[in-house]
Amino acid sequence: MTPQTRSAAPSANSADAPRFAALWVALAYAIATLLLAYPALSGQFLVNPRSDQYIAGFAFRDFATKALQAGQGVPNWNPYMFGGLPYVAAMHGDIFYPTALLRMLVGTDVGMTWGFILHTFAAGLFTYLFLRAWGLGFWPSLVGGLAYLLGGPIASYASPGHDGKLFLGALLPLALLLLLRGVRDGRNWAWGAFAIVVGLGVLSPHPQLLQYFLLTSGAFALFLALGPDANGTKLDRRTAMRRLGYATAAVLVGMAIGAVQFAPVREYVAWSPRAGGRDYGFATNFSFPIVELFNMYLPQWTGILDRYWGPNSIHFHSEYLGGSVLLLAGAAFGGDADRRFRRFWIGTGIVALLWALGGNTPFFHLIYALVPGTKFFQAPSTIIYLFAFAVSVLAALGTEKLLAGGISRRYLYGWLGFGLVVALAASAGFLTSLAESSAVRSWTTRTAELGMDAGSAQRYIDRAASSANTNAADLITGAWRSLLFVAVLAGLIIAYTRGAIARRVFGVALLAAVALDLWSVERLYWLFSAPARVLYATDPAIDYLKRQTEPGRVLVHAVDPAGVARPDPYFGTDDEGRGTGLMVHGIRSVTGYHGNQLARYQELADRPVGQAQAPAYMTPAFWRHENTRWLYTNAPLPDSALKRLVGPVRNSAGSTVYLYQLPGDNPYAWVAPAITKAPDSDAGAAVLDPRFDPLRIAVFDTSAAIAAKPPATLPERLGISTSSRASAGRATITLSAPAPAGAALVVSENYFPGWRATVDGKEAPVYRADFNLIGVPLPSGARAVELAFHDPALSTGKRISLVALLLAVLALGAGIVTDRRTRLG
């Protein structure tokens with residue numbers, strides 16, 4: 001049987017669906033989402049001090065929003081951290097995802113907030129539509145969507161600010177829905193739509209979760225094509241292969257839609273810190289700890305947020321799936337109804353969980369060896385959203401079975417007994433004692449892996465044990481809370497099976513119980529702050545820096561870490577100036593918070609120097625090399641030769657701030673009278689040597705297409721000064737006197753392919769100089785140099801994306817027309 005269009009037979013529960021069912025579902029999910037997000041209605045910003053968005057994400061996105069609002073297009077270059085880096089290629093978040101348009105329309109902070117809200121809502125709605133399309137009833141599908149929407153892995157993404165993960169988590173059920181329509185039902189329009197959804201996944205951009213998204217979609221497409229559906233109908237081989245071919249083509253088109261983002265990324269990989277991939281230890285970093293599996297039932301087990309004692313160094317998310325949801329999911333096991341669909345999601349859940357456990361089981365060796373891309377990623381625990389989705393599907397199947405009267409009371413009593421034992425064990429202090437011993441064991445192992453000295457390791461171990469002890473009251477309360485919701489659900493089920501509750505009343509009560517169970521935990525992860533104009537408000541130190549006409553960088557360093565408000569968007573979450581707050585004001589920093597900066601710059605900045613083995617970015621040689629002119633710190637420097645410019649003043653986070661002038665001229669650009677070529681090992685050592693004088697010779701990369709011989713003796717300085725104007729990806733440098741033949745201009749901006757130069761209006765070559773900077777050989781008499789950055793891979797990617805998007809839209813439109821003709825014919 002190979003009909004052009006075919007839908008699964010309606011469930012026995014379809015009669016339960018009210019009129020305009022999808023609208024009622026949307027309303028229910030909107031209410032559930034707003035129970036988490038209601039502070040946004042008064043203009044608050046969904047960001048908190050633990051969030052990546054607070055430390056960096058807002059600055060990244062606001063930079064592009066301002067450029068787009070000014071009609072300048074998407075920036076190509078970010079000059080505000082780590083000596084400059086490509087904006088698109090180095091990945092600064094959802095640059096081309098539709099949320100960028102939202103930020104442009106309503107402002108960066110409002111757009112970011114509603115991006116989280118809308119995708120949390122969409123995760124539930126798309127799950128409901130997927131389950132209904134498979135053939136599940138109204139109430140089971142509604143429960144499944146709600147379980148996914150409010151479950152910890154989805155609902156807590158707001159806490160650490162992981163919007164890219166949320167986007168793909170929301171798109172997954174939509175992709176599965178479209179595969180249902182295309183592979184099973186033969187709907188031609190589904191292929192164009194599926195290509196667009198894949199394209200959105202690529203543009204999210206989160207390559208690691210995209211990998212999970214595509215693997216799951218591929219497995220589900222094979223499941224649909226090679227076996228019977230819910231009606232027992234199986235596609236013939238030719239039809240199955242043809243539709244799998246359409247699905248593959250749609251994936252390829254979807255990947256091409258994302259070329260505008262990933263063509264530059266592909267070029268950048270060789271320049272990034274992850275070039276060549278990473279080892280197994282890196283790939284298993286942030287594996288899901290086995291001890292945290294119990295959090296899926298008892299979220300207070302390893303402590304929520306500030307009470308966390310588990311082995312992860314950071315834990316701002318939630319694994320809580322809900323006792324009520326787990327009860328329903330367990331009910332799906334057994335029975336003959338929809339056995340194949342159930343087995344698929346049980347298998348998917350098992351694989352996802354083993355994958356999430358990462359280095360804690362031998363299974364991940366197989367993944368590391370066989371799955372492409374794994375060597376570039378860490379945190380295998382991020383696949384937990386897929387496990388949560390599988391549990392939500394099983395919860396829907398369990399609800400379907402429940403409504404058909406297929407759950408035994410023995411099963412319910414088993415859950416009640418389990419919950420009671422956990423609650424009594426918590427109240428008796430057994431769980432707290434177990435937590436303390438687990439904390440000690442976990443952190444003993446963790447500190448050994450990190451190579452900590454005995455004193456530091458003991459402090460971490462003691463702190464974890466203390467946190468476990470402090471968490472005791474929460475653990476007891478949480479255990480009784482979980483039991484309460486299991487008991488409420490069990491009571492509702494018993495009342496329903498006895499006929500004491502009407503079907504629709506039971507459905508509403510069941511939904512409310514699941515919603516309250518999940519909301520009572522996940523609401524803790526939706527933390528709001530004041531609007532961005534308050535969080536990143538200016539101060540006298542920032543005002544001083546903004547008045548400067550010559551470009552210069554700022555070294556952000558907390559002299560007295562105890563005097564910094566924690567965290568601070570300028571000083572960051574540590575003592576090394578890893579915040580990006582200055583970027584919001586268009587001020588360049590030596591450091592920042594990114595993780596994918598140019599590897600050559602990071603290698604130079606972190607290189608140990610001198611007897612103290614201090615990082616190079618704290619040395620005058622580095623300041624000279626990187627145009628570092630000011631120190632932004634939080635304490636006075638007694639007996640310092642540095643000139644105090646501003647301070648003490650308070651910044652927007654409440655930290656005390658002092659601004660100092662660093663020693664030396666440290667210009668943005670300079671002219672050297674001669675050029676030599678040297679390998680990286682020699683160039684990197686030279687530029688950090690206090691004896692090296694960059695005004696006497698420029699050290700170009702050995703691949704530079706110029707003739708340059710080491711001079712017998714170093715020439716004297718030319719005495720030519722420069723004046724510079726610089727913006728994002730552009731610079732104009734004017735020389736105070738004509739350059740002699742053989743001279744070179746060195747610009748303190750990171751070199752990357754895409755920089756172009758004109759000298760007195762004529763094109764000139766650009767090379768890498770002084771290890772990581774821009775070098776321009778100067779003809780005799782040169783007086784003015786213009787620099788501009790444009791990534792050619794971005795232009796190529798943009799053309800590919802536009803063509804692919806057009807193909808997807810045409811396929812969608814053509815599919816609608818052909819499907820309509822088939823129905824009418």
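This structure is a prediction, so every number in the text was calculated from the model and none was measured.

Trainee: An account of the overall build of the protein chain is needed here, citing residue identities and associated values.
Mentor: Scanning the protein chain from terminus to terminus reveals 28 helices and 20 strands. Since a compact globule built from 825 residues should have a radius of gyration of about 28 Å, the 30 Å found for the protein chain is in line with a globular shape. C-alpha atoms of the protein chain, sized along the principal axes, occupy 95 × 70 × 50 Å. Within the span of the protein chain, comprising 825 residues, buried residues form 57% of the whole.

Trainee: So, unusual backbone geometry: which residues are in play, and what are the values?
Mentor: Looking along the chain, the bond that leaves Ser204 and enters Pro205 is cis, with omega of -25 degrees. Turning to its location among the elements, Pro205 is positioned in the loop between α8 (189-202) and α9 (207-226). Note that the residue after Gly647, namely Pro648, is joined by a cis bond; omega there is 0 degrees. In this structure, Pro648 sits in strand β8 (residues 643-650). Residues other than glycine seldom take positive phi values, yet Met91 does so here, at roughly 70 degrees. By secondary structure assignment, the location of Met91 is in the loop between β2 (85-86) and α3 (99-106). For Met91, a relative accessible area of 18% puts it in the buried group. Even without glycine at this site, Asp770 takes up a positive phi of about 50 degrees. Inspection of the secondary structure assignment puts Asp770 in the loop between β18 (767-769) and β19 (773-777).

Trainee: Report on the packing of aromatic side chains, specifying residues and quantitative values.
Mentor: One pair of aromatic rings is described through two measures. These are the centre distance and the angle between the planes. Counted according to the given criterion, the structure contains 47 aromatic pairs. Aromatic side chains Tyr570 and Tyr632 sit 6.1 Å apart centroid to centroid with 45 degrees between the ring planes, which places their arrangement in the tilted category. Of this pair, Tyr570 sits in the loop between β3 (553-556) and α24 (581-584) while Tyr632 sits in strand β7 (residues 628-633), and the two are 62 residues apart along the sequence. Neither Tyr570 nor Tyr632 differs from the other in exposure class; each is buried. Clustering of aromatic rings is evident, with ring pairs tying together Phe130, Trp134, Tyr148, Phe220, Phe223, Phe341, Phe344, Trp345 and Phe389. It is Arg523 that lies over the ring of Trp519; its NZ or CZ is 5.5 Å from the centre. Over the face of the ring belonging to Phe771 we find Arg607, whose NZ or CZ atom lies 5.7 Å from the ring centre.

Trainee: Got a sec to walk through the packing of α8 against helix α10 (residues 237-257)? Specific residues and values, please.
Mentor: Where α8 contacts α10, the axes come no closer than 7 Å and their chain directions differ by 40 degrees. Relative to α10, α8 is oriented oblique. Read as a crossing pair, α8 and α10 show a hand that is right-handed. The residues of α10 that touch α8, namely those facing Trp191, Phe194, Ala195, Ile196, Val198, Gly199 and Val202, are Arg243, Tyr246, Ala247, Ala250, Val251, Val253, Gly254, Met255 and Ile257. Grouping the amino acids of the contact of α8 with α10 by side-chain chemistry returns 13 nonpolar, two polar and one charged.

How each quantity is defined
Residues numbered from 1 in each chain as written. Predicted model: local features only at pLDDT ≥ 70, side-chain atom pairs only at ≥ 80, totals over all residues. Heavy atoms only, no water. Helix = DSSP H or I, 4+ residues; strand = E, 2+ residues; numbered from the N terminus. Rg over C-alpha atoms; globule rule 2.2 N^0.38 Å. Buried < 20%, exposed > 50% of the residue type's maximum accessible area, 1.4 Å probe, protein only. Phe/Tyr/Trp six-rings, centres within 6.5 Å; stacked < 30°, edge-to-face > 60°. Lys NZ or Arg CZ within 6 Å of the ring centre and 35° of its normal. Axes fitted to C-alpha atoms, helices over the stretch in contact; angles between N-to-C directions. Parallel < 35°, antiparallel > 145°, perpendicular 65-115°, else oblique. Left-handed = near helix turned anticlockwise from the far one by under 90°. Contact = heavy atoms within 4.5 Å. Nonpolar A, V, L, I, M, F, W, Y, C, P; charged D, E, K, R; others polar.

So yeah, pure geometry; function would need other evidence.
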